[in-house]
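Structural overview
Each chain is listed here by its residues.
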Amino acid sequence: MEYKDYYQILGIARDASPDAIKQAYRKLARKFHPDVNKEKDAEARFKDIGEAYEVLKDPEKRTAYDRFGANWQAGEQFRPPPDWDAGSYEFRGSTAGAQGFSDFFEALFGQARAQSARQEFRMQGEDQQAAISISLEDAYRGARQTLTLNRPEMDEQGHVSMRPQQLNLVIPKGIMAGQRIRLEGQGLPGHGGAAPGDLYLEIHFIPHPLFKAEKRTIHLQLPITPWEAALGASLTVPTLDGKVQLKIPPNSQSGSKLRLRGKGLSTEKTQGDQIVTLQVVLPEAHTEEQRALYRGMAEKMAFNPRTDLGV
Amino acid sequence: MSHNSNAYLQGIVLDEETYCSFGELCRLCGASAEQIHEMVAEGIISPEGRTPAEWRFTLVSLHRVQTVVRLHQDLHINLPGCALVLELLDELDSLRSLLARS
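Residues numbered from 1 in each chain as written. Chains lettered and ligands numbered in written order. Predicted model: local features only at pLDDT ≥ 70, side-chain atom pairs only at ≥ 80, totals over all residues.

Structural notes on the overall build of chain A
- The helix and strand tally for chain A stands at eight helices and 11 strands.
- Within chain A, the proportion of its 311 residues that are buried is 23%.
- For chain A, the share of sequence-separated contacts (at least 6 apart) that also reach a separation of at least 24 residues comes to 59%. (Helix = DSSP H or I, 4+ residues; strand = E, 2+ residues; numbered from the N terminus. Buried ≥ 20, exposed ≤ 12 C-beta atoms within 10 Å, placed from the backbone. Contact = placed C-beta atoms within 7 Å.)

As structure tokens, this is what we get:
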């Protein structure tokens, strides 16, 4: 197992006062709480912080931990000394919960707690949270996917460890980014024969080269020529459902929005639409003939787009 | 790596379209009736229906209740504080998605 530098985790000196330890812990706990911090490693950081505080706030545990001295580096391979007496540290209740502390912590302090918890308590397993990334196409249609998640596994001694495990999941049609899927009983195992916790999967979308999702609405920027905008046109437009024909009304402007009903993220109960935003793109005039076309427009079309500016 | 099973798991989506009763919400969140009452009083979750027996909660409430329970346990934030955190998180989410679209 790897040595953990609890002082480094809390960003404090080895001689920090109990008050300084508490302040550092509270500040970091707020910052890295997984409900508040959306960074991927927030949950792991939050656990480390909780574990570090669990040891350093307790004078007895802190003294024991300090016996290893300052020569260890974080991440260094570590074995407790042979004379280490883990059983003398009674440990109850924690902020880290059943998912538990690191192997490092358990080797030093955790054994007594793990045994007594199993004998005395029946406790439902903890819920587990994870984020998964899916494509907009899968969200549009619904899909079946095989995911690889770090999931808890209990060995014969009742020790829970996290291992990559495959999970087959139905992605419901019309699911939106930020929504959660609840999978009952797929969380951490319970203690003393109690039911396991639940697994919550938060949906994220893999960025799409063409489309952007806003709740149920799918946005597409559609470049068009000035003559398509002025004269109107029927254009082929991509949607999550394949290509469709879209009528551009005459005298459309850049920025105008057109709605394709039902081409957004729809469920059985609610329809989502695709919004197409027109973007008029001007061809550059490189030849004399091309420049003459623009000059002809300048002569024949009385047009001042700056009247609102008073100039 | 081990295979869990070959079956495809079908969860429930915590959305605004599906509802649960007061009792179901307590069971699903592992929260006490008293906690839920307090959160309703604080405006953290807003059920439809006049009396607790008639209350219906959207499944989005489930996530709000669980977040409050965790914030309270882990950071010792009181209920009005949790309500404020949830509102600020909602605002942050909508600003983030605006940023992602621009």
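Now that the structure has been shown, the text picks up again.
A look at the pairing of strand β5 (residues 199-205) of chain A
All names here are of chain A.
- Among the seven residues in β5, five count as buried, and that is most of the element.
- Two elements, strand β1 (residues 128-134) and β5, share seven bridges in a ladder whose sense is parallel. Its bridge partner being in β5, Gln128 is matched across the sheet by Leu199.
- Both strand β4 (residues 180-183) and β5 contribute to a ladder of four bridges, which runs antiparallel. Directly across from Arg180, in β5, lies its bridge partner Glu202. (Pairing = 2+ DSSP bridges.)

Thoughts on the nonpolar core
- In terms of nonpolar packing, the biggest core is built from 42 residues, with Leu25, Leu62 and Val65 of chain B touching the most fellow members.
- Per element, the largest residue contribution to this core is five residues, and it comes from β5 of chain A.
- Here this core spans two domains, since at least three of its residues come from each of domain 2 (128-205) and domain 3 (212-309) of chain A.
- Aside from chain neighbours lying at most four places away, what touches Leu62 of chain B is Leu14, Leu25, Leu28 and Cys29 of chain B.
- Of all hydrophobic cores here, the second largest spans 16 residues; its members include Tyr6, Ala24, Tyr53 and Leu56 of chain A. (Core = buried A, V, L, I, M, F, W, Y, C linked by C-beta atoms within 7 Å. Domains from an automatic or database assignment.)

Remarks on the sheet that holds strand β6 (residues 212-214) of chain A
Residues and elements named next belong to chain A.
- Strand order across the open sheet formed by four strands is β6-β7-β11-β10, with mixed pairing between neighbours. If you trace the sheet from one side to the other, it starts and ends with β6 and β10 (257-260), each paired once. In this sheet, neighbouring strand axes are inclined to one another by 30 degrees on average, regardless of whether the strands run parallel or antiparallel.
- Summarising the sheet, β10 and strand β11 (residues 274-280) pair through four bridges and their orientation is antiparallel. Paired with Arg259 across the bridge in β11 is Ile275. (Axes fitted to C-alpha atoms, helices over the stretch in contact; angles between N-to-C directions.)

Re the environment of Asp48 of chain A
- Position of Asp48 of chain A among the secondary structure elements: in helix α3 (residues 42-56).
- Residues Asp48 of chain A and Ser254 of chain A, spaced 206 residues apart in sequence, show a C-alpha to C-alpha distance of 52 Å.

Quick word on the interface of chain B and chain A
- Listed per partner, the contact involves 25 residues of chain B and 29 residues of chain A.
- The set of elements that each furnish at least two residues to the side of chain B that touches chain A consists of β1 (2-3), β2 (12-14), α3 (60-75) and α4 (79-101) of chain B.
- Among the elements that take part in the side of chain B that touches chain A, α3 of chain B stands out by supplying six residues, more than any other.
- Relative to β2 of chain B, β4 of chain A runs antiparallel, the two being bridged by three bridges. Bridge pairing in β2 of chain B links Arg180 of chain A to Leu14 of chain B.

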